[in-house]
Amino acid sequence: MAVVQIATPTHTETAEPPMNRRRLLTWLSSFGLFGSAVLSVFSNLVFIKPRATYGQPQRFNIGKPDEYPPGARIAMEARRVCIVREGNKMAAISTTCTHLGCIVGLADTGFACPCHGSRFDQDGYVTGGPAPKPLPWFKITRAPNGELEIDKDVQIEQGSYFNV
């Protein structure tokens, strides 16, 4: 009787087939989609944060009180504020018209808006024209270095002067 031996492999070799065209295109497509998703998320995060500047700072120095002689009314057009000094009292009055935001100019009787004809007295109260409310007054404080500081974020009551 003949004995038949069946050969059994002792270990199996896992040979990867060479990369064919379909596998290469699948890999490249997956890589491209993943890369575009990462780029899309990054760009959305970058563009959510606004890159706009919102104008000049609302708190700024105007110098020492000695730079403003008594009786002075000095318009700072770039800052849209008028510095008024009466004796030892100082005030900062807005020069932005409360009608449509034009810059008002100094006049003999107070302030005058060149755009639509609004008129304001020396304290910023409306005396004529379409302006609905008086010009706001801003808070003045003294900085540690002795200079005066205006904070346009803090409005105060008309007629409230800062003593220097």
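Asks: I'm lost on the state of the cysteines in this one. Help?
Replies: Where two cysteines share a covalent bond between their sulfur atoms, that bond is called a disulfide. The full count for this structure, using the stated rule, is one disulfide. Between the sulfur atoms of Cys-102 and its disulfide partner Cys-115 the distance amounts to 2.4 Å. On the S-S bond that ties Cys-102 to Cys-115, the torsion sits near -120°, and the link is left-handed. Of the two residues, Cys-102 sits in the loop between strand E4 (89-94) and strand E5 (105-107) while Cys-115 sits in the loop between strand E6 (110-112) and strand E7 (119-120), which places them 13 residues apart along the sequence. Looking at Cys-102, the relative accessible area reads 14%, which means it is buried. Cys-115 sits in the partly exposed class, given a relative accessible area of 43%.

Asks: Teacher, can you tell me more about the sheet that holds strand E8 (residues 126-128) here?
Replies: Note on sheets: strands pair through backbone hydrogen bonds, and any given pair is parallel or antiparallel. The strand order across the open sheet formed by four strands is E5-E6-E7-E8, and the pairing between neighbours is antiparallel. Lying at the two open borders of the sheet, with one neighbouring strand each, are E5 and E8. Two strands pair when backbone bridges link them, and E6 and E7 are joined in this way by two bridges, in the antiparallel orientation. What sits directly across from Phe-111, in E7, is Phe-120.

Asks: Could you clarify how one ought to interpret the pattern of salt bridges in this entry?
Replies: Opposite charge on two side chains allows them to pair when their charged atoms are near. Taken as a whole and judged by the stated rule, the model has two salt bridges. Linking Glu-149 and Arg-59 is a salt bridge whose minimum nitrogen-to-oxygen distance equals 2.8 Å. Note that Glu-149 is positioned in strand E10 (residues 148-156) and Arg-59 in strand E1 (residues 59-63), a separation of 90 residues in sequence. Among the residues examined, Arg-59 registers a relative accessible area of 47% and is labelled partly exposed. Close ionic contact of Arg-59 with Asp-151 constitutes a salt bridge, the shortest N to O distance being 4.0 Å. Pair noted here: Arg-59 is in strand E1 and Asp-151 is in strand E10, with a separation of 92 residues, a long-range link.

Asks: Explain unusual backbone geometry here, please?
Replies: With glycine set apart, most residues show a phi of negative sign, and most peptide bonds adopt trans. Positive phi, normally seen in glycine, also occurs at Arg-80, with a value near 55°. Within the secondary structure layout, Arg-80 lies in the loop between strand E2 (73-76) and strand E3 (81-86).

Asks: For this particular structure, what's the right way to read the packing of aromatic side chains?
Replies: Any pair of aromatic rings gets described here by the distance separating the centres and the angle formed by the planes. One pass over the structure, following the stated rule, counts two aromatic pairs. Their ring planes at 10° and their centres at 5.9 Å tell us that Trp-27 and Phe-31 sit as a pair that is stacked. With a gap of four residues between them, Trp-27 and Phe-31 both fall in helix H1 (residues 21-48), about one helical turn apart. Classification of Phe-31 as exposed rests on a relative accessible area of 57%.

So, how was this worked out
- Counting of residues starts from 1 at the beginning of each chain's written sequence and follows it residue by residue.
- With the structure being a predicted model, the display of local features is reserved for residues of pLDDT at least 70 and the display and counting of side-chain atom pairs for 80 or more, all residues being used for whole-chain, interface and lining totals.
- Heavy atoms throughout the structure, all of them, feed into the side-chain values; hydrogens and water do not.
- Criterion for a disulfide: a pair of cysteine sulfur atoms within 2.5 Å.
- Secondary structure elements follow DSSP: runs of H or I of four or more residues count as helices, runs of E of two or more count as strands, with numbering from the N terminus.
- Between buried and exposed lies partly exposed: a residue is buried under 20% and exposed over 50% of the maximum accessible area for its type, with that area taken using a 1.4 Å probe on protein chains only.
- In this scheme, strands are said to pair when DSSP sees at least two bridges between them.
- Salt bridges are defined as contacts in which a side-chain nitrogen from Lys or Arg sits within 4 Å of a carboxyl oxygen from Asp or Glu.
- Stacked, tilted and edge-to-face pairs are distinguished by plane angle, under 30 degrees for stacked and over 60 for edge-to-face with tilted covering the rest, among Phe, Tyr and Trp rings (Trp via its six-membered ring) whose centres lie within 6.5 Å.

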